[in-house]
Every structure is written in C-alpha cells, then in structure tokens.
Amino acid sequence: MHNLTKTTKSILKKITIAIGFCLIIGIVYFYFDNSLNLDDNLVQPETTIMDYTIYPSTIPENELLRIDEAKKLYRYAFDDQVFYGVVNPDSLVKFIKHAWQWDKNAMPYYYDLLHWEDLYDGRGKEDGIMMSFAEFIRKYRDQLVDNAGNPLVEPKVFRSIQMRGYLWDKFADLKYPYFAYRKSSHYAPCGFDERGIAKLCKDEQLEESIKYLNYALEGGYHCYEKLIAQMLFQQGRHYKNQQYKQLNKLTEYRKSLKSEDLKLSIDYAQLMAEHSSIIGILRVTEAYLYGLGREHDVVKAYAWSLLSDYAKQKIEEQGNNLAWHAYQLPPVWEYNKEIQTRLEKILNSAQQQAAQDYLTELQTKIIDWNYNRWRDQIDDFHPKP
C-alpha cells in the first residue's frame, strides 16, 4: 500500500508538470497567434490610448475615390440590407485598401460595414449564401497591401466607440463634403413638437448648419433646397409642419437675414428652378411679387407663376412622376394659384402679354426636367488626401 501510494504520487507529479508545460505552451501560442492576427480586432477597451490624428491618405491623389464611387464600391462589395455579409470579395479588397489608407470618402462606409458586421456577424453565412467579414479577413488578408506590396494595417481609430463623433466633427471642420453635409443636420432643422409643427431654431443653430452646407456645396453637393430653407426660415424648412400641409411664405423670412443673403437665397432658388424645381420656381415668383431678393416686378412674377404650371404639365407629359416629391406640392399649387388670381386682377392685357413673352424665354432656360435627380447628384471634384 505504501509503495502504491508512492507510485501514485510520482505519476501525479509527472501529470502536473506535463499540464503546466502544456499550459505555458498554450499561453505562448495564444499570445503569438493573436499578435500575428491583429485583424481579428476585438473592440479596443476604453482605457486604450487612441490616436485621433487625421492623417493624409497615402494613396496618390488621382486614385482617391469620389463620394459616389466609394458608396457604389461599398454597396457592390458588402450587403448591409439583408444578409450582412460579403457580396464581392475582390471589390471589398479594393474598398478596404482605400479605407485603411485614409481615403476619406471610403472611411465612413467602412465604419458602416463594421457596425453591421458587429450587429449581425454575417447572417447569410449560415445558409452558405455569403461569407462574413471576419471570414473574409482570414481568407484575403494577404491581399490587403499598398501599391508597393506592403501589408496594410487597419487604423485602430476604427475600433473606437467615439469613431462617429471623431469623423463627423473633425472631417467636417476640414471641409470634407460628405461629413460636412451630414454634420449640417446636427444643428437644423430642429424637429417637431407633439402636434407635428416644426420647432423654431435659434439663429446660431441655423448659421452653423448653413456653414456646413456651404462646405458641402463647395465639394459638389447640390444641397440648395435645404440651404435656402435654412437661410430663409426660422424653422429651417420650407414647411411649417411635418405633413407638408402648411407652406412657409417668403414674406415670413427670418428677420435677422441680411439683404445680401436674401438675394443669394433667391439666386440659389433660380438655379433650382432652372432644373425644374417647383419650390425654386415659387420662391422666384414670390421674390418678384414682393420685391424680396429681386426688384418688385409684377409682370415677371406672373410669368414665373405661369412657369410653375408649365413645368407641372411638361413633367406629367413625360410621365416622369419621380421628378419631384409629389406629396409635398399641393400647398405649392394652391399658393401659386392664389398669386396668379391676384395678379390677373391687376395686370392689363399688355402686361399679361409681356408676361407670356417672358414665359417663352424662361421655358428655354430649363436645363433638366428631373429635379430630384439633379438635386441628388454630386459634381465631380478632386478629393483631398
């Protein structure tokens, strides 16, 4: 019995040593394995010191993505609507190369990818439909290299929970148009009350939003409709209510608006009108009718009101029902008809004929009969690194 006990103790001692050795090997392996697979990237703890420096892109400027290019490449590479997985690995390789090299137009969409992947972890992979992002990284990591073949590293700032504020604030202040456009909505409009009536914004809020919209405008956005609403009205909207039933009239422009900015807003409205914007046509009509931002001219006001009718007829003839947001327009038609009726009572036949002649001239100046398409376009511009 004594000898058996000694033997047992000896065996137990050897087993303990073996287990300890295996444990050490396991820890070492785990450490090196994870240090060599940094792209599995767990979310960085809040105690991690984060580098929030904004670095210029290392991609040659002529190869940087335009805003639309980045969006289309992301949508083609990754499904964030149904399966939340990789659609096209080759496209995703190209997209990530841009995002990891600080291409500013790719970065926000890469953040979206991480957000959806974190929530759904490649929902479609269970059915064999598409691979998850984590699986993609494991299979294609060796292709994520720069033009010289050097391995790329994901900027750790992508893993910070403060990423959104970081991107929106810093990049917007540096006038990157995508971020500036998005940040403009942080200030105005100012929401609705419990009755669905638009709340009034403070002038300081409107001016901040206008500043960022102008940055976006410089970067190619056609955000004139939103811009003039915030220049002209205390609600920062063309409508008083959430249901688009009550229209703000030009006579209700905010009293702090400078005369030069009033004129500029009508200049922008006329540019919108030349692309068949019904709101733009109405604002120019009002400008001539009331002498706000334009000289007082009832003949031109009448001609512009007739242009609104012509634009409606033209677009309906073309069957282009998507050329505007139809549900927003009944108050515009009603107000435009009020203006026409009023002017027809005061204009003599010679003045009405002069208005018809001017209308013929205005009709030739319409550049595009699909206003929404033009409004949503972003002009080509050279992206900043």
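Residues numbered from 1 in each chain as written. Predicted model: local features only at pLDDT ≥ 70, side-chain atom pairs only at ≥ 80, totals over all residues. Heavy atoms only, no water.

Engineer: Quick rundown of the pattern of salt bridges? Include the residues and the values.
Structural biologist: Enumeration over the complete set of coordinates arrives at 18 salt bridges. In this structure, lysine 183 engages aspartate 173 in a salt bridge whose closest nitrogen and oxygen atoms are separated by 3.6 Å. On the criterion of sequence distance, the pair formed by lysine 183 in helix α7 (residues 177-184) and aspartate 173 in helix α6 (residues 163-173) is long-range, its members being 10 residues apart. Residue classification places lysine 183 among the buried positions, given a relative accessible area of 5%. Bridged by salt links that share partners, the residues Asp169, Asp173 and Lys183 form one connected network. (Salt bridge = Lys/Arg side-chain N within 4 Å of Asp/Glu carboxyl O. Helix = DSSP H or I, 4+ residues; strand = E, 2+ residues; numbered from the N terminus. Buried < 20%, exposed > 50% of the residue type's maximum accessible area, 1.4 Å probe, protein only.)

Engineer: Account for the state of the cysteines, with residues named and values stated.
Structural biologist: Inspection of every chain in the model, using the stated rule, returns 1 disulfide. Linked covalently through their sulfurs, cysteine 190 and cysteine 201 form a disulfide whose S-S length is 2.2 Å. Measuring the twist about the S-S bond at about 130°, one finds the cysteine 190-cysteine 201 disulfide to be right-handed. Taken together, the residues span a long stretch of sequence, with cysteine 190 in the loop between α7 and α8 (203-218) and cysteine 201 in the loop between α7 and α8 at a distance of 11 residues. Residue classification places cysteine 201 among the buried residues on the basis of a relative accessible area of 5%. (Disulfide = S-S within 2.5 Å.)

Engineer: Can you lay out helix α2 (residues 67-77) for me, pointing to particular residues and giving the numbers?
Structural biologist: Every buried residue belonging to α2 is among Ile67, Ala70, Leu73, Tyr74 and Ala77, and all of these are buried. The buried residues of α2 occupy one face: seen down the axis, they fall within an arc of 135°. Exposed side of α2, more than 90 degrees from the buried face: Lys72 and Tyr76 are the residues found there. (Arc of directions from axis to C-beta.)

Engineer: Can you explain helix α3 (residues 89-100)? Please cite residues and give values.
Structural biologist: If you check α3, its first and last C-alpha atoms are 16 Å apart, about what 12 residues at 1.5 Å a residue would give, namely 16 Å. In terms of burial, α3 is largely enclosed, as 9 of its 12 residues are buried. Along α3, the residues that are buried comprise Pro89, Ser91, Leu92, Val93, Phe95, Ile96, His98, Ala99 and Trp100. Looking at the buried positions of α3, the neighbouring elements they touch are α2, β2 (85-86), α4 (107-120) and α5 (133-140). Capping of α3 at its N-terminal end is provided by asparagine 88; its side-chain oxygen lies 3.2 Å from the backbone amide nitrogen of aspartate 90. (Expected span 1.5 Å × (residues − 1). Contact = heavy atoms within 4.5 Å. Polar contact = N/O pair within 3.5 Å; in protein donor to acceptor, adjacent residues only side chain to side chain.)

Engineer: Can you tell me about the packing of aromatic side chains, naming the residues and giving the values?
Structural biologist: In this structure the tally under the stated criterion is 24 aromatic pairs. An angle of 70° between the planes, with centres 4.8 Å apart, marks the rings of tyrosine 110 and phenylalanine 158 as edge-to-face. Of this pair, tyrosine 110 sits in helix α4 while phenylalanine 158 sits in the loop between α5 and α6; the two residues are 48 residues apart in sequence, bridging distant segments of the chain. Phenylalanine 158 shares its class with tyrosine 110; the two are buried. (Phe/Tyr/Trp six-rings, centres within 6.5 Å; stacked < 30°, edge-to-face > 60°.)

Engineer: So what about the environment of arginine 75? Which residues, and what values?
Structural biologist: Relative to the helices and strands, arginine 75 resides in helix α2. Between the alpha carbons of arginine 75 and leucine 92 there is a distance of 9.5 Å; along the sequence they are 17 residues apart. Setting aside residues no more than four positions away along its own chain, arginine 75 makes contact with Asp80 and Gln81. Here aspartate 80 takes part through its side chain, which lies 2.8 Å from a polar atom of the side chain of arginine 75.

Engineer: I'd like a description of unusual backbone geometry, backed by residues and values.
Structural biologist: Of note, the bond from alanine 188 into proline 189 is cis; its omega dihedral lies within 30 degrees of zero at -5°. Relative to the elements of secondary structure, proline 189 occurs in the loop between α7 and α8. Backbone geometry at lysine 175 places phi at a positive 70°, although glycine is not the residue there. Relative to the helices and strands, lysine 175 resides in the loop between α6 and α7.

Engineer: Can you lay out the side chain of histidine 98 for me, pointing to particular residues and giving the numbers?
Structural biologist: Relative to the assigned elements, histidine 98 resides in helix α3. Classification of histidine 98 as buried rests on a relative accessible area of 8%.

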